[in-house]
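Close look at the chain arrangement
Each chain is listed here by its residues.
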Amino acid sequence: MPTVAVTNDQIIELFFDMLDGDESLTPATPPSVGKQMSRTEKWQFTLPALYDIACQEYPDFSALDYSKFRQLVIESPVNEYLEDAGWQIVLQKDNLETDQNIYCLTRL
């Protein structure tokens, strides 16, 4: 099976789907770190939960191992694109380990 390269555009698409309230993204998010997205609410997530969502909803992400996914998200310019739409990803709770931190997609 050939390796599929996941692009920054796909990372950005994932977050914009969250903004659009894509209901298919909600079930994979543990209740303690996620909620249905709406234009007035925020979406909280850990990177492992986001990876689970991405793998379930976007076939290309399944070709990545978690560490590569995490690197792509951290290095992507997603906040630049979200800012243009009035949103941002922020660190909501620092648990002293990237995989345990809680991030938040929220309005500016």
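Residues numbered from 1 in each chain as written. Predicted model: local features only at pLDDT ≥ 70, side-chain atom pairs only at ≥ 80, totals over all residues. Heavy atoms only, no water.

**Quick look at the overall build of the protein**
Heads up, the condition is: Helix and strand definitions follow DSSP, with helices as H or I runs of at least four residues and strands as E runs of at least two, each counted in order from the N terminus. The buried label goes to any residue with under 20% of its type's maximum accessible area, the exposed label to any with over 50%, and the partly exposed label to all in between, with areas taken from a 1.4 Å probe on protein chains only. Residue contacts are counted whenever heavy atoms from the two residues lie within 4.5 Å of one another.
Summing up its helical and strand segments, the protein has 4 helices and 3 strands in all. Along the chain direction, N to C, the helices and strands of the protein fall in the order α-β-α-α-α-β-β. Counting the 108 residues in the protein, one finds 41% classified as buried. Considering only intrachain contacts with a sequence separation of at least 6, the fraction spanning at least 24 residues in the protein is 53%.

**Thoughts on the nonpolar core**
Applied cut-off: What we call a nonpolar core is a set of buried Ala, Val, Leu, Ile, Met, Phe, Trp, Tyr and Cys residues that are connected through their side-chain atoms within 4.5 Å.
Counting residues in each nonpolar core, the largest one holds 27 residues, and the members touching the most others are Phe15, Phe45, Leu50, Phe69 and Leu105. Here the element with the most residues in this core is helix α1 (residues 8-19); it accounts for 6 residues. Not counting chain neighbours up to four residues away, the residues in contact with Leu50 comprise Leu14, Phe15, Met18, Phe45, Phe69 and Val73.

**Things to note about the sheet that holds strand β2 (residues 87-93)**
Just so we agree on the cut-off: Here, a strand pair is defined by DSSP locating no fewer than two bridges between the strands. Angles run from 0 to 180 degrees between N-to-C directions of axes, and those axes are lines fitted to C-alpha atoms, restricted for helices to the stretch in contact.
One open sheet holds the 3 strands; their spatial order is β1-β3-β2, and the pairing between them is antiparallel. Every other strand in the sheet has two partners, leaving β1 (43-45) and β2 as the edge strands with one partner each. Going from strand to strand, the sheet's axes swing by 25 degrees on average, the running direction of each strand aside. Of the strand pairs in this sheet, β1 and strand β3 (residues 102-107) are connected by 3 bridges, and their pairing is antiparallel. Residue pairing in the sheet places Trp43 in a bridge with Leu105 of β3.

**Let's talk about the packing of α1 against helix α3 (residues 66-75)**
Note the threshold: For classification, angles of less than 35 degrees are called roughly parallel, those exceeding 145 degrees roughly antiparallel, those between 65 and 115 degrees roughly perpendicular, and all remaining angles oblique. Basically, the charged four are Asp, Glu, Lys and Arg, the nonpolar ten are Ala, Val, Leu, Ile, Met, Phe, Trp, Tyr, Cys and Pro, and anything else, Gly included, counts as polar.
The interhelical angle for the contact between α1 and α3, taken along N-to-C directions, is 80 degrees, at an axis separation of 10 Å. If you check the angle between α1 and α3, you find them roughly perpendicular. Note on element contacts: α3 touches α1 through Phe69, Leu72 and Val73, opposite Asn8, Ile11, Leu14 and Phe15. Of the residues assigned to the contact of α1 with α3, the class counts are 6 nonpolar, 1 polar and no charged.

**Considerations on the side chain of Asn101**
Just so we agree on the cut-off: Two N or O atoms form a polar contact when they lie within 3.5 Å of each other; inside protein one atom must be a possible hydrogen donor and the other a possible acceptor, and for residues adjacent in sequence the pair counts only when both atoms belong to side chains.
Within the element layout of this structure, Asn101 appears in the loop between β2 and β3. Polar contacts involving the side chain of Asn101 include one to the main-chain amide nitrogen of Asn95, which spans 2.7 Å.

**Details of helix α2 (residues 47-57)**
Of all the residues in α2, the buried ones are Leu47, Ala49, Leu50, Tyr51, Ile53 and Ala54. Elements in contact with the buried residues of α2: α1, β1, α3 and β3.

**Structural notes on the layout of surface pockets**
Operational definition: Two kinds of site are reported from a 1 Å grid over the protein atoms alone, namely cavities, where a 1.4 Å probe fits but cannot get out, and pockets, open sets with protein on both sides within 12 Å along at least five of seven lines, and residues are called lining when an atom falls within 4 Å of a point. Grid points are joined across faces, edges and corners, and a volume is the space filled by probe spheres set on the points.
Considering only enclosed or pocket space, the largest pocket measures out at about 220 Å³ in volume. What lines the largest pocket is Phe15, Phe45, Leu47, Val73, Ile74, Ser76, Pro77, Val78, Asn79, Glu80, Ile89 and Tyr103. For the lining of the largest pocket, the secondary-structure elements that each account for two or more residues are α3 and α4 (78-84). When residues of the lining of the largest pocket are assigned to their parent elements, the largest contribution, 3 residues, is made by α4. Residues of the lining of the largest pocket, tallied by class, amount to 9 nonpolar, 2 polar and 1 charged.

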